[in-house]
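Spelled out, the chains give:
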Amino acid sequence: MAGIRVTEVDWLSRKNGAAHHTQEYPGPELVVRRGQAFTLVLELNRPLEDQETIIFTVETGPQASEDRHTKAVFQVSEPEADKNWTVVEEAQMENTVTVSITSPSNAAIGRYLMSTRVSSRRKQNDRKLGEFILLFNPWCPEDDVFLDSEEERQEYVLNDSGIIFRGVEKHIRAQGWNYGQFEEDILNICLSILDRSPLHQNDPATDVSRRHDPIYVSRVISAMVNSNNDRGVVQGQWQGKYGGGTSPLHWSGSVAILHKWFKGRFKPVKYGQCWVFAGVMCTVLRCLGIATRVVSNFNSAHDTDRNLSVDKYVDSFGRTLEDLTEDSMWNFHVWNESWFARQDLGPSYNGWQVLDATPQEESEGVFRCGPASVTAIREGDVHLAHDGPFVFAEVNADYITWLWHEDESWERVYSDTKKIGRCISTKAVGSDSRVDITGLYKYPEGSRKERQVYRKAVRKLFSVEASGRRTRIRRAGGRGLWREDLLEPAAKPNITGKFRMLEPPRLGHDLSLALCLANLTSRAQKVRVNLSAATILYTRRPVAEILRKSHSVRLGPEEEKEIPITISYSQYKEDLTEDKKILLAAMCFVTKGEKLLVEKDITLEDFITIKCAHPGAPGEGLGPVQ
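Note that the structure is a prediction, hence the values are computed from the model and not measured. (Residues numbered from 1 in each chain as written. Predicted model: local features only at pLDDT ≥ 70, side-chain atom pairs only at ≥ 80, totals over all residues. Heavy atoms only, no water.)

Enquirer: I'm lost on the side chain of Thr-320 in this one. Help?
Expert: Assignment of secondary structure puts Thr-320 in the loop between strand E15 (309-314) and strand E16 (328-340). A polar side-chain atom of Thr-320 sits 3.2 Å from a polar atom in the side chain of Lys-312. Not counting residues within four places of it along the chain, the set of residues in contact with Thr-320 comprises Lys-312, Tyr-313, Val-314 and Thr-325. (Helix = DSSP H or I, 4+ residues; strand = E, 2+ residues; numbered from the N terminus. Polar contact = N/O pair within 3.5 Å; in protein donor to acceptor, adjacent residues only side chain to side chain. Contact = heavy atoms within 4.5 Å.)

In structure tokens form, the structure reads like this:
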């Protein structure tokens, strides 16, 4: 009798694609999700005899092995509730066999090669059937990435477009972003990102074996979306100079960036800033099957020295001293959240995990951030993996201002410590509206619980014990401060101040505003006000000073006064960046030595004039350009 072999395979791509929510991938390979059965039809050169059975082999990556769970050999059997690959015969008609194959819910994701042979007395070689791609499965309850809401799966896995929020806390703007995870070649490029990582280049067999774990995969992607250590996808640029590349403001989606990186033989694409890194990472993680969303944090701290405070050094005009100030507060910062279980931490930390591909600080020697459990951040458990202190500071650091004197001494100045981590935002499920998720990251600002969590985080980070052992923080100029001393705010002065816009800030026009000062006491007070203004990037890094002047003001008992301020278009037009932002500062010196710093970030709007031509509507309308 002739030897038996598989002559043809029908991958049933349409049927399997619909069942696995993968029909949007353009192919040509079958794309399925782990932990869920998929069906194949095999054609043989003759019918199977009773004692003959088909043996399947699947393998992924180089040096695939059963020990590393990157290779499996299995044959038709009864369904088993174990963690191995299984195959069940569904039908047999003459030379055709229909089988249902199920992968483990913790199988490594990636590109697999499938081959078969038929058990018989004759020696047989495996016949390669072809390749298929296995992805994470948010529909499978046993998968670590399982998300128990169909509406959220549709939004965070299958939606190929979205909204990224930018701007400033008081003026949040929405930008559309095309994730395009189902566009031509994007899935192949996302798998290439994993293969281009240094971890894969150095030890491919181990790297592939770890691709079962969303913690590992997401951390690799976080490092590879930026180019700092690894010729990753996007090169960052925050200096406002974009020669030889594309301004970050000009990208509107991930597809062009990923295609450019891939076709350019993995040369980093110029240029990106935080929302670009977050948009690209959202594409990659959704493409691989991990539910992911983009999150924007307004007044976002960048804490470089891990002391959970943003320490800003200013001169007598409130101008930031760049040489001394290592920390910063960005007008906004954008990162990702992905949904998966934390087998390394325990079930109470399952759910949304912060991931950030913007290269800000190194994590274990590589520019990457996360995954950090959002629950752990809210509860102040900053000692847990990964990068808890940095993320906690981004949303909940205290903002501390230090006035630097010419004799190199400094003193703390009262400013708003509550300004960090405002209006944390993401796109709503099923609509383009903005949802405020600040409550997921921290308790209400200034509440007793929020202060308790902050103190807990400080003590966890610095091992400050009840016995009074304290950790010394090195500060500028080689001096040191006790971390516990920073837990108490600076004394509140007897005046208040705030800037008020008198007219909307319009690009191409003079700026008109006022500094409003109020005396909180029943006695008169003299105040010296040093005003300054500078054009800035969205990271609040100064570009050029455009205003500096001083005023002396006498405030009667409980009196309020306004100091009018005008900044002409000619003063700012040459130094304004594409971010179109200006930072105003007023350092106020009160009679009894009290000091108050007042700041305001201004974003200039582009306006267009529309003239109505039809009768009965002769007026003009002004509206911002989105």
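Enquirer: Quick question: what am I supposed to make of the sheet that holds strand E7 (residues 96-102) here?
Expert: Strand-to-strand pairing in sheets goes through backbone hydrogen bonds, with the strands running parallel or antiparallel. One open sheet holds the four strands; their spatial order is E1-E3-E7-E6, and the pairing between them is antiparallel. Each having just a single partner strand, strand E1 (6-10) and strand E6 (86-93) make up the two edges of the open sheet. In this sheet, adjacent strand axes meet at a mean angle of 30 degrees when their direction is disregarded. Relative to E7, strand E3 (residues 37-44) is paired through seven bridges, and the arrangement is antiparallel. Among the inter-strand pairings, Phe-38 is bridged to a residue of E7, identified as Ile-101. (Pairing = 2+ DSSP bridges. Axes fitted to C-alpha atoms, helices over the stretch in contact; angles between N-to-C directions.)

Enquirer: Help me understand unusual backbone geometry in this model?
Expert: A negative phi holds for most residues other than glycine; trans holds for most peptide bonds. In this structure, Tyr-271 follows Lys-270 across a cis peptide bond, with omega equal to 5 degrees. Relative to the elements of secondary structure, Tyr-271 occurs in strand E13 (residues 269-272). Cis geometry is adopted by the peptide bond preceding His-386, which originates at Ala-385 and carries an omega value of -5 degrees. With respect to the helices, strands and loops of the structure, His-386 is situated in the loop between helix H9 (374-379) and helix H10 (388-396). With a phi close to 50 degrees, Arg-231 is a non-glycine residue in the positive phi region. Within the secondary structure layout, Arg-231 lies in the loop between helix H6 (214-224) and strand E12 (234-236). Classification of Arg-231 by relative accessible area gives partly exposed; the value is 45%. (Buried < 20%, exposed > 50% of the residue type's maximum accessible area, 1.4 Å probe, protein only.)

Enquirer: What's the story with a negative patch on the surface in this structure? I'm lost.
Expert: On the surface, Glu-24, Asp-160, Glu-183, Glu-184 and Asp-185 cluster together into a patch of negative charge. Here Glu-184 is to be found in the loop between strand E11 (171-178) and helix H3 (186-195). (Patch = residues over 30% accessible without salt bridge, like charges linked within 9 Å, V, L, I, M, F, W, Y side chains within 5 Å. Areas by Shrake-Rupley, 256 points an atom, 1.4 Å probe, with all protein chains shown as cover. Salt bridge = Lys/Arg side-chain N within 4 Å of Asp/Glu carboxyl O. Lys, Arg positive; Asp, Glu negative; His and termini not counted. Charge placed at Lys NZ, Arg CZ, Asp CG, Glu CD.)

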